Amino acid sequence: MNIEYPLIALLGAFLTFYLAKHNRFDGIRASASLSIIAYLILSALNLNPNLYSVVFFGGTFIGMSAPHRFGIYTVASSSILFSLLFEYLVPKLDGYGGALGISAFLSVCICHMCILLGAPRSKKPTPK
């Protein structure tokens, strides 16, 4: 397994998760703008932008998944699970799109099911 996949997915998820909390951004705007910036940076550095930007974009899917339900631990575990699923589903499915969508959906779904079954989750900050 490549160590780059989980790191890039974590970066995409957490940047989207925190940027979506700002007034002018929601999950979709945060995901889109960060994905464009990531692609431009990866292209400028010539670091296989087609593959790594897709992994980053999948990580942003995780970051925009129900921020009122997910905390940092759930986002982190979903991102790592996404990167594992993505790596193993790319050879099985035709193209990145199918592997990207299924991996993101399954990782969020699995983590949400674990929460429903009683797994510990991140504590929400108390409002002041």
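Residues numbered from 1 in each chain as written. Predicted model: local features only at pLDDT ≥ 70, side-chain atom pairs only at ≥ 80, totals over all residues. Heavy atoms only, no water.

Trainee: Please set out the packing of aromatic side chains residue by residue, giving values where relevant.
Mentor: Applying the stated criterion to the full structure yields six aromatic pairs. Taking 6.2 Å as the distance between ring centres and 75° as the angle between the ring planes, the aromatic pair formed by Tyr-5 and Phe-86 counts as edge-to-face. Of this pair, Tyr-5 sits in helix H1 (residues 4–19) while Phe-86 sits in helix H4 (residues 72–89), and the two are 81 residues apart along the sequence. For the residue pair Tyr-5 and Phe-86, the accessibility class agrees, reading buried in each case. With a centroid separation of 6.3 Å and 20° between ring planes, the pair formed by Phe-14 and Tyr-18 is classed as stacked. Of this pair, Phe-14 and Tyr-18 are both found in helix H1, four residues apart, which corresponds to roughly one turn of the helix. The structure contains a cluster of three or more aromatic residues connected by ring pairs, namely Tyr-5, Tyr-52, Phe-82 and Phe-86. (Phe/Tyr/Trp six-rings, centres within 6.5 Å; stacked < 30°, edge-to-face > 60°. Helix = DSSP H or I, 4+ residues; strand = E, 2+ residues; numbered from the N terminus. Buried < 20%, exposed > 50% of the residue type's maximum accessible area, 1.4 Å probe, protein only.)

Trainee: So what's going on with the UniProt feature "transmembrane region" (unreviewed entry) in the chain? Residues and values would help.
Mentor: According to UniProt, the "transmembrane region" (unreviewed entry) feature falls on residues 34–58, 70–90 and 96–119. The span residues 34–58 carries 88% helix and 0% strand; its end-to-end C-alpha distance comes to 12 Å. (UniProt positions renumbered as here; feature names shortened; annotations may be inferred.)

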